Amino acid sequence: QVQLVESGGGLVQAGDSLRLSCAASGRTFSTYVMGWFRQAPGKEREFVAAISWNGGSTYYGNTVKGRFTISRDNAKNTVYLQMNSLKPEDTAVYYCAAQVLGRFIPVTVSTDSRYDYWGQGTQVTVSS
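Computed from a predicted structure; not experimentally measured. (Residues numbered from 1 in each chain as written. Predicted model: local features only at pLDDT ≥ 70, side-chain atom pairs only at ≥ 80, totals over all residues. Heavy atoms only, no water.)

(A) Here's a closer look at the pairing of strand S5 (residues 46-51). Counted residue by residue, S5 has 5 buried out of 6 residues, so it is predominantly covered. Bridging between strand S4 (residues 33-39) and S5 involves 5 bridges; their strand directions are antiparallel. Bridged to Gly 35 within S5 is Ala 50. Counted between consecutive antiparallel strands, the loop separating S4 from S5 contains 6 residues, among which Gly 42 sits at a positive phi close to 75°. Two successive antiparallel strands, S5 and strand S6 (residues 58-60), enclose a turn made up of 6 residues, where Gly 55 displays a positive phi of approximately 80°. (Buried < 20%, exposed > 50% of the residue type's maximum accessible area, 1.4 Å probe, protein only. Helix = DSSP H or I, 4+ residues; strand = E, 2+ residues; numbered from the N terminus. Pairing = 2+ DSSP bridges.)

Now the structure itself:
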């Protein structure tokens, strides 16, 4: 069983930055594909970013490409999402997720049903 705990959300103004963290339990964190998704009220869950087990490959959703950066520290069992130039449309609950046996290809890492474990989410609100 893997437990994921997100932190770092909050209320910011448009143009500000935030860094989300996701701490994972378990000794095999370094073997997981890790992803970030978000869900705004009344909308479907949206893929944000994913990172391979060693951090060597990353993939981003079109709406955040160039503004957000995903990274991981396997020594700390933590994955991060650095969010810059935030916009009001980035307002959502952000979830991290772990894919235990994932191949790092776009269709796999961007599909929420491919992930095995999820955190409880952290709210990000961007005011205009």
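(B) Region of the structure containing the nonpolar core. Counting 29 residues, the largest nonpolar core has Met 34, Trp 36, Leu 81, Met 83 and Tyr 94 as the members making the most contacts within it. If you list the elements that add at least two residues to this core, you get strand S3 (18-24), S4, S5, strand S7 (68-73), strand S8 (78-83), strand S9 (92-99) and strand S11 (122-127). (Core = buried A, V, L, I, M, F, W, Y, C linked by side-chain atoms within 4.5 Å.)

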